[in-house]
2 protein chains.
Amino acid sequence: MMFGAGRTIRHRVLLPLCGSRGMSSDGTGTVVPRKEVVDFVVRCMEAVGTKRPNALAIAEVLAEADYRGHYSHGLNRLEMYIHDLKMNICDANVQPSILKETAATAYVDGNNGLGPVVGNFCMDLAIKKAKEAGVGWVIAKGSNHYGIAGWYSIQAMQQGLIGMSMTNTSPLVAPTRAKKAALGTNPLTVAAPAKDGDSFLLDMATSAVAVGKIEMQKRKEEPIPKGWAIGPGGQMTTDPQTALMGALMPLGGAELHSGYKGYGLGLMVELFCGILAGGSYGPNVRKWMSTAEEANLGQCFVALNPECFAPGYHDRLQDLMNFIRKMEPTEPHKPVLIAGDPEKIRMKENDDRGGIQYHPNQMKACAKWAQDLKVSPPKTIA
Amino acid sequence: MMFGAGRTIRHRVLLPLCGSRGMSSDGTGTVVPRKEVVDFVVRCMEAVGTKRPNALAIAEVLAEADYRGHYSHGLNRLEMYIHDLKMNICDANVQPSILKETAATAYVDGNNGLGPVVGNFCMDLAIKKAKEAGVGWVIAKGSNHYGIAGWYSIQAMQQGLIGMSMTNTSPLVAPTRAKKAALGTNPLTVAAPAKDGDSFLLDMATSAVAVGKIEMQKRKEEPIPKGWAIGPGGQMTTDPQTALMGALMPLGGAELHSGYKGYGLGLMVELFCGILAGGSYGPNVRKWMSTAEEANLGQCFVALNPECFAPGYHDRLQDLMNFIRKMEPTEPHKPVLIAGDPEKIRMKENDDRGGIQYHPNQMKACAKWAQDLKVSPPKTIA
């Protein structure tokens, strides 16, 4: 198989619209009820020919991302999905099909459908199998960008199961010692229910940081820490502009800091995604935002039933999380957190104000899309 | 549940015997055929009352660790296993029992047996289930230190499956923002067969580095990089002695470098081990090397059958590994590697010289144990 030339992060477009928390610098912003975010995305997706159930699938993932404070993966990404459909490089209305099945596994063809349509189908199947056989392990080829990985692990968690998901992505991360990128930021997520609605929710890229963090430093004209990225020559850099022409480093950073572990995790995600799925993999995944070819992403969905193991699972998980949260912090104003706690804080803030707070620039972009697509813009409450 | 006081890495004994490659500083050492390493461990274990099959189980894991160049987990650990048996805190001859089963899962009680006896039992079960149901997911409580995690994933790989394993360990790692340790180095391993005996073999602690690396810096009287460890006050330190009184940092290091991802991975391993198993977990796992109570470790073993997914799996994995290995390295003399490649180099070296090369101090220690236990010491060939 021939690979294209090494892709670097310079191909990624800058996040144009929002800061790290989607608000303007003075902390204010426009508030949109979550349901209205969903409805607005549905209107836009329907306007480009998506039937309602599939439009709703993508709308719910985007609204959830913004609701959790992951603004880069919410309304900010709507334009990309619309563009894919306009370019006819993704099929809005197709359903996935099962190619192979055992008691605990399924191999699915996403048929080049919308990522969330493929993802929901696969996770529903994994959940069904986990309830019957203890574990469900579903892998799909022919998928597209599926939004926040955590959306899928949460589906399993809401059924009392432990959920996991992984996806490969466009190559942006350089293997340890390599000059160029060959793997995506390849995220993995694990969601586990504890007591009374509490949970452990890990949702992480296997790169040291996301490209967005480097873009933020560039905008602020501040250096990036060593270990985030390399320049085009393969050397670690502290200059964000040089980094954006180079590649991300894996979790851990330099070899001395065990960056080869993050690189190994990225390759593990690729194994469970593109390699097992028979989709695109590694350096031959299409460039970020490209519509020159189908994405053919590989994705992995796992559900595990804790009832198959020791009784008292919820008590133990809650006990450990409580212990860790109560540990003495090194800096008194920075409490020790469990994965998913920052998102819980964001969700509470959104609930208290009756909707999701957006940066004015995001609202301007939505207004423009609404005009272009001849749909009504999001209704705001503040 | 009450937790004991926070444990820190100062409780861990210094690795007394070997450098990072088990050889003396001039690169020479004593060579012991691999089979003789196995036989020597069997003699020692039998001398403290272990019946042959169980003695062999532990001997094979220790010999494999040394053969792969992981000297800390080979003969260097024999004394600890012997001590556990002499103190009657681990049962040399017990067999594990299955407490619960589904098509794809099993919950096992290790019955406080030797770690490798429990581990082999569980991975055999996971392999059997993966062949029948596509995936086998086995979790054990009541286990003990099981040697290199990679031993178990390799067993599945040798059957054409993808193997995974995780174990919890004594608390040495501080959660991000916390002053003290609450999690172990909690390793995870994934082994996947490629073509013609080639493979991807990830076997990594979820901490930034192992304690041994800090001990080496102390011996050399050199500082440690920022991001490896914190001192007793919770602050990052570059002084190895201060670090040894503090705690390890998770993979990634500081929060700015996404250390919370490594911490999240460590907690994920604990979820699949102590929490689901109903064994000891987090800060209540007994201190490293303590024999004051049973270890009651939780361990997780997973096997996945690639035949359940896309045809051509081996070709794709090999293709990706070949592509990455041929990437241009940043430093010409440091080729880009795949997880498991450093071990392949060590194994080839050992094969070429007809045995495993040991530091003279390791041989002295073996001679002393042989004398104490009234067995013959390892026969050397150089």
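- The name given to chain A in an unreviewed UniProt entry is Malate dehydrogenase, with the source organism recorded as Darwinula stevensoni.
- What UniProt states about chain A under its Sequence similarities (unreviewed entry) heading is, verbatim, "Belongs to the LDH2/MDH2 oxidoreductase family."

**Details of the overall build of chain A**
Here is step 1: Across its full length, chain A holds eleven helices and eleven strands.
Here is step 2: Expected size for 382 residues packed as a compact globule is a radius of gyration near 21 Å; at 20 Å, chain A falls within 12% of this value.
Here is step 3: With the C-alpha coordinates of chain A rotated into their principal frame, the extents come out at 55 × 55 × 55 Å.
Here is step 4: Looking at the 382 residues of chain A, the share that counts as buried comes to 64%.
Here is step 5: Put simply, of all contacts in chain A between residues at least 6 apart along the chain, 69% involve residues at least 24 apart.
Here is step 6: Total accessible area on chain A is roughly 13800 Å²; 54% of this is exposed by carbon and sulfur atoms.

**Looking at the environment of Asp372 of chain A**
Here is step 1: Tracing the backbone through its elements, the reader meets Asp372 of chain A in helix 11 (residues 360–373).
Here is step 2: For Asp372 of chain A, a relative accessible area of 44% translates into the label partly exposed.

**Some details on the pairing of strand 2 (residues 97–101) of chain B**
Residues and elements named next belong to chain B.
Here is step 1: Of the pairings in the sheet, the one linking strand 2 to strand 3 (residues 105–109) comprises four bridges and is antiparallel in character. Looking at strand 3, one finds that Glu101 is bridged to Ala106.
Here is step 2: Two successive antiparallel strands, strand 2 and strand 3, enclose a turn made up of three residues.

**A look at the interface of chain B and chain A**
Here is step 1: Taken together, the contacts link 88 residues of chain B with 88 residues of chain A.
Here is step 2: Counting each side, the surface lost to burial between chain B and chain A is near 7300 Å², with a carbon and sulfur contribution of 71%.
Here is step 3: Summed over the three residues of chain B that lose the most area to chain A, namely Arg177, Phe309 and Thr330 of chain B, the buried surface amounts to 10% of that side.
Here is step 4: For the pair chain B and chain A, the number of links is two salt bridges.
Here is step 5: A salt bridge links Glu328 of chain B to Lys179 of chain A, with the nearest nitrogen and oxygen atoms 3.0 Å apart.

**Topic: the relation of the copies chain B and chain A**
Here is step 1: Mapping chain B onto chain A is achieved by rotating through 180° and translating by 0.0 Å along the same axis, at an RMSD of 0.1 Å. Each copy turns onto its partner about a two-fold axis. Closest approach to the rotation axis among the C-alpha atoms of chain B is made by Gly252 of chain B, whose C-alpha sits 2.0 Å away.
Here is step 2: In this assembly the copies share their binding face: 100% of the residues contributing to the interface of chain B also contribute to that of chain A.

**Here's the deal with the nonpolar core**
Here is step 1: Of all hydrophobic cores here, the largest spans 94 residues; its most connected members are Trp137, Phe200 and Phe272 of chain A together with Trp137, Phe200 and Phe272 of chain B.
Here is step 2: Once you skip the residues sitting within four places of it in the chain, Phe272 of chain B turns out to touch Ile162, Met164, Val190 and Leu304 of chain A together with Trp137, Ile139, Met166 and Cys300 of chain B.

**Examining the packing of aromatic side chains**
When we look at a pair of aromatic rings, we describe it by the centre distance and by the angle of the planes.
Here is step 1: Tallying each qualifying case throughout the model produces eleven aromatic pairs over all chains.
Here is step 2: The interplanar angle of 55° and the centroid separation of 5.4 Å between the aromatic rings of Trp137 of chain B and Phe272 of chain B together place this pair among those described as tilted. Residue Trp137 of chain B is located in strand 4 (residues 135–143), and its partner Phe272 of chain B is located in helix 8 (residues 259–277); the two are separated by 135 residues in the primary sequence. Here Trp137 of chain B matches Phe272 of chain B in class, with each residue buried.
Here is step 3: The rings of Trp137 and Phe272 of chain A together with Trp137 and Phe272 of chain B are connected pair by pair, giving a single aromatic cluster.
Here is step 4: For Arg34 of chain A, the ring lying beneath its charged end belongs to Tyr67 of chain A, and the centroid distance is 4.8 Å.

**Some words on the packing of helix 1 (residues 34–47) of chain B against helix 2 (residues 52–67) of chain B**
All names here are of chain B.
Here is step 1: Running from N to C, helix 1 and helix 2 point in directions that differ by 140°, and their axes come no closer than 8 Å. The angle between helix 1 and helix 2 falls in the class oblique. Handedness of the crossing formed by helix 1 with helix 2: right-handed. Of the residues in helix 2, those touching helix 1 at Arg34, Val37, Val38, Val41, Val42, Met45 and Glu46 are Arg52, Ala55, Leu56, Ile58, Ala59, Glu60, Leu62, Ala63, Glu64 and Tyr67.
Here is step 2: A class-by-class count of the residues in the contact of helix 1 with helix 2 yields twelve nonpolar, no polar and five charged.

**Observations concerning helix 6 (residues 211–220) of chain A**
All names here are of chain A.
Here is step 1: Residues of helix 6 that are buried include every one of Val211, Gly212, Ile214, Glu215 and Gln217, and no others.
Here is step 2: Turning to helix 6, the residues buried within the fold contact strand 8 (229–230), helix 7 (240–244) and strand 9 (247–248).
Here is step 3: Where helix 6 ends, the next residue or the one after it, Glu221, has phi of about 55°, a positive value.

**Description of the pattern of salt bridges**
Here is step 1: Across all of its chains, the model carries 38 salt bridges over all chains by this definition.
Here is step 2: Note that Lys379 of chain B and Glu36 of chain B form a salt bridge whose closest N and O atoms lie 3.8 Å from each other. Here the residue Lys379 of chain B occupies a position in the segment after helix 11 (360–373), and Glu36 of chain B occupies one in helix 1, the gap between them amounting to 343 residues.
Here is step 3: On the basis of relative accessibility, which here comes to 51%, the residue Lys379 of chain B falls in the exposed class.
Here is step 4: Judged by its relative accessible area of 9%, Glu36 of chain B falls in the buried class.
Here is step 5: Where salt bridges share partners, they join Asp198, Arg325, Asp341 and Lys344 of chain A into one cluster.

**Quick notes on the sheet that holds strand 6 (residues 188–193) of chain A**
Residue and element names in this part refer to chain A.
Here is step 1: Spatial strand order, 2-3-4-10-5-6-7: seven strands in an open sheet with mixed pairing. Each of the sheet's edge strands pairs with one partner strand only, and the pair in question is strand 2 (97–101) and strand 7 (199–204). Each strand axis lies, on average, 15° off the axis of its neighbour in the sheet, ignoring direction.
Here is step 2: Set on the sheet, helix 4 (residues 115–133) makes contact with strand 2, strand 3 (105–109), strand 4 (135–143), strand 5 (162–167) and strand 10 (297–304); between it and strand 4 the angle comes to about 160°.

**Regarding helix 9 (residues 313–325) of chain B**
Here is step 1: The terminal C-alpha atoms of helix 9 of chain B, which comprises 13 residues, lie 18 Å apart, in line with the 18 Å expected from a rise of 1.5 Å per residue.
Here is step 2: Along helix 9 of chain B, the residues that are buried comprise Tyr313, Arg316, Leu317, Gln318, Asp319, Leu320, Met321 and Ile324 of chain B.
Here is step 3: Packing partners of the buried residues in helix 9 of chain B comprise helix 8 (259–277) of chain A together with strand 5 (162–167), strand 6 (188–193) and strand 7 (199–204) of chain B.

**Quick notes on the sheet that holds strand 10 (residues 297–304) of chain B**
Here is step 1: The strand order 2-3-4-10-5-6-7 (chain B) describes an open sheet built from seven strands, whose pairing is mixed. Edge positions in the open sheet fall to strand 2 and strand 7 of chain B, since each of these has one partner strand only. Here the strands of the sheet are splayed against their neighbours by 15° on average, with no regard to which way each runs.
Here is step 2: Helix 8 of chain A rests against strand 5, strand 6, strand 7 and strand 10 of chain B of the sheet, and its axis sits at about 135° to strand 7 of chain B.
Here is step 3: Each of strand 5, strand 6, strand 7 and strand 10 of chain B is contacted by helix 5 (residues 150–157) of chain B, which is oriented at about 25° to strand 6 of chain B, the strand it contacts most.

**Considering the packing of helix 4 of chain A against helix 5 (residues 150–157) of chain A**
Residue and element names in this part refer to chain A.
Here is step 1: Relative to each other, helix 4 and helix 5 sit at 30°, their axes nearing to 10 Å. The orientation of helix 4 relative to helix 5 falls into the category roughly parallel. Considering only the axes of helix 4 and helix 5, their crossing is right-handed. Across from Gly115, Pro116, Gly119, Asn120, Met123 and Ile127 in helix 4, the residues of helix 5 making contact are Trp151, Tyr152, Ser153, Gln155 and Ala156.
Here is step 2: Across the contact of helix 4 with helix 5, the residue classes break down as six nonpolar, five polar and no charged.

**Side note on the domain arrangement of chain A**
How big an interface is tends to be stated in terms of accessible area lost as the parts join.
All names here are of chain A.
Here is step 1: Looking at the assigned domains, one finds that chain A contains domain 1 (1–93 + 340–382) and domain 2 (97–208 + 249–339).
Here is step 2: Between domain 1 and domain 2, the contact holds 36 residues from the first and 38 residues from the second.
Here is step 3: When the two sides are added together, the surface that domain 1 and domain 2 hide from each other amounts to roughly 3300 Å², 66% of it contributed by carbon and sulfur.
Here is step 4: One salt bridge connects Asp84 with Arg286, and the closest N-O pair in it is separated by 3.3 Å.

Conventions we followed
- Residues numbered from 1 in each chain as written.
- Chains lettered and ligands numbered in written order.
- Predicted model: local features only at pLDDT ≥ 70, side-chain atom pairs only at ≥ 80, totals over all residues.
- Heavy atoms only, no water.
- UniProt positions renumbered as here; feature names shortened; annotations may be inferred.
- Helix = DSSP H or I, 4+ residues; strand = E, 2+ residues; numbered from the N terminus.
- Rg over C-alpha atoms; globule rule 2.2 N^0.38 Å.
- Buried < 20%, exposed > 50% of the residue type's maximum accessible area, 1.4 Å probe, protein only.
- Contact = heavy atoms within 4.5 Å.
- Areas by Shrake-Rupley, 256 points an atom, 1.4 Å probe, with all protein chains shown as cover.
- Pairing = 2+ DSSP bridges.
- Buried area = accessible area lost by both parts, 1.4 Å probe.
- Salt bridge = Lys/Arg side-chain N within 4 Å of Asp/Glu carboxyl O.
- Least-squares fit on C-alpha atoms with pLDDT ≥ 70 in both.
- Core = buried A, V, L, I, M, F, W, Y, C linked by side-chain atoms within 4.5 Å.
- Phe/Tyr/Trp six-rings, centres within 6.5 Å; stacked < 30°, edge-to-face > 60°.
- Lys NZ or Arg CZ within 6 Å of the ring centre and 35° of its normal.
- Axes fitted to C-alpha atoms, helices over the stretch in contact; angles between N-to-C directions.
- Parallel < 35°, antiparallel > 145°, perpendicular 65-115°, else oblique.
- Left-handed = near helix turned anticlockwise from the far one by under 90°.
- Nonpolar A, V, L, I, M, F, W, Y, C, P; charged D, E, K, R; others polar.
- Expected span 1.5 Å × (residues − 1).
- Domains from an automatic or database assignment.

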